[in-house]
Protein chains: 2
Amino acid sequence: MPMNTLTIREIEALAERALVKAGATQEAGASVAKAIAAAERDGIPSHGLAYLGTYCEHLAFGKVIGSAVPKVMQEMPGTIVVDAGSGFAHPATDAGFARLVPVARGQGIALMAVRNSYNCGVLGYHTEQLARQGLLGLGFTNAPASIAASGGRKAVLGTNPWSIAVPDGPGGASIVIDQSASVVAKSEVAKRAREGKPIPLGWTLGPDGEPTTDPNLGLKGTMLPAGGYKGVGSALLVELMAACLAGAVIGAKASPFSGTAGGPPRTGQCFIAIAPEPASGGEFNTRCRELVAALTQEASAHVPGKRRRAAREKAERGGVDVDPAILEKVRALAGA
Amino acid sequence: MPMNTLTIREIEALAERALVKAGATQEAGASVAKAIAAAERDGIPSHGLAYLGTYCEHLAFGKVIGSAVPKVMQEMPGTIVVDAGSGFAHPATDAGFARLVPVARGQGIALMAVRNSYNCGVLGYHTEQLARQGLLGLGFTNAPASIAASGGRKAVLGTNPWSIAVPDGPGGASIVIDQSASVVAKSEVAKRAREGKPIPLGWTLGPDGEPTTDPNLGLKGTMLPAGGYKGVGSALLVELMAACLAGAVIGAKASPFSGTAGGPPRTGQCFIAIAPEPASGGEFNTRCRELVAALTQEASAHVPGKRRRAAREKAERGGVDVDPAILEKVRALAGA
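Source: prediction; values computed, not measured. (Residues numbered from 1 in each chain as written. Chains lettered and ligands numbered in written order. Predicted model: local features only at pLDDT ≥ 70, side-chain atom pairs only at ≥ 80, totals over all residues. Heavy atoms only, no water.)

**Quick word on the overall build of chain A**
- Across its full length, chain A carries twelve helices and 13 strands.
- Radius of gyration (C-alpha) of chain A: 20 Å, near the 20 Å computed for a compact globule of 336 residues.
- Counting the 336 residues in chain A, one finds 58% classified as buried.
- Counting contacts in chain A only where the partners sit at least 6 residues apart, residues at least 24 apart contribute 64% of the total.
- One finds the centroid of the 33 positive side-chain charges in chain A at a distance of 3 Å from the centroid of its 28 negative side-chain charges. (Helix = DSSP H or I, 4+ residues; strand = E, 2+ residues; numbered from the N terminus. Rg over C-alpha atoms; globule rule 2.2 N^0.38 Å. Buried < 20%, exposed > 50% of the residue type's maximum accessible area, 1.4 Å probe, protein only. Contact = heavy atoms within 4.5 Å. Lys, Arg positive; Asp, Glu negative; His and termini not counted. Charge placed at Lys NZ, Arg CZ, Asp CG, Glu CD.)

Written as structure tokens, this is what we have:
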């Protein structure tokens, strides 16, 4: 394999070393590293090794607490609460899911609220863990504000993704949806700013509330919601679930996920795990197959999760090509 | 009051008489009539008395079974299933909520799946019933297909709304979101077709998959999703919850909600009721107030549910002005 082609295990090991070296506990480092490797594997490099530098920097500046140990509580028969202690979201999610999964199987449905948390990376990574256990997984995660209310100019809601992952036998999820409320990811605007390139109209508004092609103005203004007020509605749904219901800090008050200032954002996540067979009278798998058949009757039609699955199969066979510049930085962080 | 200004109670009584006369049981007629009156009260006349003729016609043609008695089952400690028996969705929801509410209070979260159901009218009407009981209410309802998959031309998903209603003391919900996956409601396109008026580009595609301003072509083609593929994702979320999870008929196979042909659509609903205080460590109301304060810091910004609330206050004081032509038809249906 070429020098910059790594196996998924190699990516995971490198990331884990870097995170532990930067101050994460072994358990937190391993948990986050696994998600980083999964992002590289699934063709989502923005949340793979390219993000590792930010994580390490945030450990150094106390935006995320490396030594935090998540605390899992069962507040009601169907309600699990996790206090992430301003540590990484990933070990908090892992620890909580270990309780959530058996509770959901026994109750038919269970909720997990994560507070004092942090950016959870790819939300669909987490809901897919539930799907792998045979549960229908719903997920919500809030973020520092970058979208305005309908009719407003000031950022009050994050790009706030939601996700659903569908169990499909022991192999994994047949459908994974993971979508934010904005037209494009904020990272895409930041990338254009770094490259000195304009952005299309319709991605952002400037601080004056007017459309702009200047990514620097866009970063100072707001991200446009996908589908207008319906995108705002989607961001609000997530804010209600991941911030209000989880007792986490709302996006309008949270410190940024980027940069080193402001301390821990203390944002939240919320997951709902559902046993599909009792609710559907045993029809769930049949209905899902009918739905996928309807969606794929036209060769040109797209089923969410398909691209990730294709990238995954390729990566499992032949490894992942990592940008050489990123790989060099990562190796330095890992002391490798 | 002018001849065509009715109190909410008068609207309800008229609608109930018409529905029972057309074959609904007293219980079903009362349940649907209450929702019709609520739609008129909340400024949503499309789902008010204007829809009553369709309901009565569907009773006559067996698209909805007037004599159906909903069957409520508790399949798991947190899973309620309602078989609507191809009757109206409203009495099925009422009967199921009577079980769902105490279960959600005791478990922290509970799910209700409704199968063999029908168009439930305004989805936010139902989630608001949960919010009035102090529970965070989530709702999903699927519909016969009218939206294509991303990259496709054939309708495979309904306009599929989801809703969330937030409890706010005994008075009602402070935030209600109820939004479909399409740019506009299909009824809006049908209205333009009846009036012989063009529709804006961006509402529909014709059967050839091309944008059209002809509402008749649009009705034969597909409704455009709000926010492109993210609107499709939203429709899919709802299809997974309201059809697959509820063991109901998927939109791609369901008979139409409009017209008299095809028998019962047997589509579904799904509701999740959540006790907000245990999940949030008692912070839920505080966080919601912070969120509403952030949303309303700009006078021009819109909070979902505000328009409904304003219409409601006006209607409770001074009644509702009903279109005289519709009122005449309704009085004929009621034999009044």
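**Describing the interface of chain B and chain A**
- With 76 residues of chain B at the interface, the matching set in chain A holds 76 residues.
- Buried surface at the junction of chain B and chain A, both sides included, amounts to about 5900 Å², of which 69% is carbon and sulfur.
- Among the residues of chain B in contact with chain A, K230, L240 and R287 of chain B are the three that bury the most area, contributing 11% of the side total.
- For the salt bridge of E290 of chain B with K253 of chain A, the shortest nitrogen-to-oxygen distance reads 3.7 Å.
- Counting the contacts that link chain B with chain A gives 26 residue pairs in polar contact (both at pLDDT 80 or more).
- Among the elements that line the side of chain B that touches chain A, the one with the most residues is helix α8 (residues 229-244) of chain B, at eleven residues.
- Classifying every residue of the side of chain B that touches chain A by side-chain character gives 44 nonpolar, 20 polar and twelve charged. (Buried area = accessible area lost by both parts, 1.4 Å probe. Salt bridge = Lys/Arg side-chain N within 4 Å of Asp/Glu carboxyl O. Polar contact = N/O pair within 3.5 Å; in protein donor to acceptor, adjacent residues only side chain to side chain. Nonpolar A, V, L, I, M, F, W, Y, C, P; charged D, E, K, R; others polar.)

**Here we look at helix α3 (residues 49-61) of chain B**
Residues and elements named next belong to chain B.
- Between its terminal C-alpha atoms α3 stretches 19 Å, which fits the 18 Å expected from 13 residues at 1.5 Å a residue.
- Taken together, the buried positions of α3 are occupied by L49, Y51, L52, Y55, C56, H58 and L59. Angularly, the buried residues of α3 cover 160 degrees about the axis, an arc narrow enough to put them on a single face. Facing away from the buried side of α3, by more than 90 degrees, are the exposed residues A60 and F61. (Expected span 1.5 Å × (residues − 1). Arc of directions from axis to C-beta.)

**Side note on the environment of I175 of chain A**
- As for its placement among the helices and strands, I175 of chain A is situated in strand β9 (residues 172-179).
- Its relative accessible area of 0% is what places I175 of chain A among the buried residues.
- With 117 residues separating them in the primary sequence, I175 of chain A and V292 of chain A have C-alpha atoms 8.5 Å apart.
- Filtering out sequence-adjacent residues up to four positions away, I175 of chain A remains in contact with I164, A165, V166, V292, V303 and P304 of chain A together with L240 of chain B.

**Concerning the relation of the copies chain B and chain A**
- Of the transformation superimposing chain B on chain A, the axial component is 0.0 Å and the angular component is 180 degrees, with the fit at an RMSD of 0.0 Å. Put plainly, the chains are arranged around a two-fold axis. Judged by C-alpha distance, G227 of chain B is the residue of chain B that lies nearest the rotation axis, at 1.8 Å.
- The fraction of interface residues of chain B whose copies in chain A are also interface residues reaches 100%, indicating that both copies meet through the same surface. (Least-squares fit on C-alpha atoms with pLDDT ≥ 70 in both.)

**Here we look at helix α5 (residues 123-132) of chain B**
Residues and elements named next belong to chain B.
- Where burial is concerned, most of α5 is hidden: eight out of the ten residues are buried.
- For α5, the set of buried residues is L123, G124, Y125, H126, T127, E128, L130 and A131.
- One or two positions beyond α5, positive phi appears at G134, with a value near 85 degrees.

**Brief notes about the nonpolar core**
- M241 and I272 of chain A together with M241 and I272 of chain B are the most contacted members of the largest nonpolar core, which has 88 residues in total.
- The residues touching I272 of chain A, leaving out its near neighbours within four places in the chain, are I109, A110, L111, L130, L136, G137, L138 and M241 of chain A together with I109, L138, I272 and I274 of chain B. (Core = buried A, V, L, I, M, F, W, Y, C linked by side-chain atoms within 4.5 Å.)

**Re the environment of A95 of chain A**
Residues and elements named next belong to chain A.
- In this fold, A95 is placed in helix α4 (residues 89-107).
- Counting along the chain gives eleven residues from A95 to A84, while the straight-line C-alpha distance between them is 9.7 Å.
- Contacts of A95, omitting those with residues within four sequence positions, involve P70 and V72.

**Observations regarding the domain arrangement of chain A**
All names here are of chain A.
- As assigned here, chain A comprises domain 1 (1-61 + 299-336) and domain 2 (70-182 + 225-295).
- The C-alpha-based centres of domain 1 and domain 2 are spaced at 22 Å.
- Contact with domain 1, which involves 25 residues of that partner, is made by 23 residues of domain 2.
- Together domain 1 and domain 2 conceal approximately 2000 Å² of surface at their shared face, both sides included; 59% is due to carbon and sulfur atoms.
- Broken down residue by residue, the surface that domain 1 buries against domain 2 is led by Y55, H58 and R308, which jointly contribute 25%. (Domains from an automatic or database assignment.)

**Points about the pattern of salt bridges**
- Following the criterion strictly, the structure yields 22 salt bridges over all chains and no others.
- When salt bridges that share partners are traced, they join R41, D42, E128, R132 and R312 of chain A into one network.

**Some words on the pairing of strand β2 (residues 71-76) of chain A**
All names here are of chain A.
- Pairing of β2 with strand β3 (residues 79-83), which is carried by five bridges, proceeds in the antiparallel orientation. The partner of M76 across the bridge, within β3, is T79.
- Between the end of β2 and the start of β3, which pair antiparallel, lie two residues. (Pairing = 2+ DSSP bridges.)

**Focus on the side chain of S163 of chain B**
All names here are of chain B.
- Secondary-structure assignment places S163 in strand β8 (residues 162-168).
- A distance of 2.7 Å separates a polar atom in the side chain of S163 from the backbone oxygen of I177.
- Filtering out sequence-adjacent residues up to four positions away, S163 remains in contact with L123, G124, T127, G137, L138, G139, V176, I177 and D178.

**Considerations on the packing of aromatic side chains**
Residue and element names in this part refer to chain A.
- Inspection of every chain in the model, using the stated rule, returns twelve aromatic pairs over all chains.
- A centroid spacing of 5.1 Å and a plane angle of 85 degrees characterise the contact between F97 and F271, whose relative ring orientation is edge-to-face. Highlighted residues: F97 in helix α4 and F271 in strand β12 (residues 267-274), separated in sequence by 174 residues. One exposure class covers both F97 and F271, and it is buried.
- Measuring from ring centre to ring centre gives 6.2 Å for Y118 and F257, while their planes differ by 55 degrees; the resulting arrangement is tilted. In this pair, Y118 sits in the loop between β4 (109-117) and α5 (123-132) while F257 sits in the loop between α8 (229-244) and β12, placing the two residues 139 residues apart along the sequence.
- Since its relative accessible area comes to 1%, Y118 is described here as buried.
- Through successive ring pairs, a cluster of aromatic residues spans Y51, Y55, F88, Y118 and F257. (Phe/Tyr/Trp six-rings, centres within 6.5 Å; stacked < 30°, edge-to-face > 60°.)

**Things to note about unusual backbone geometry**
All names here are of chain B.
- One non-glycine residue, N160, lies in positive phi territory at about 30 degrees.
- Mapping N160 onto the fold places it in the loop between β7 (155-157) and β8.
- Positive phi is not limited to glycine here, since R266 has a value of about 55 degrees.
- Along the chain, R266 turns up in the loop between α8 and β12 (267-274).
- Residue R266 is classed as partly exposed on the basis of its relative accessible area of 37%.

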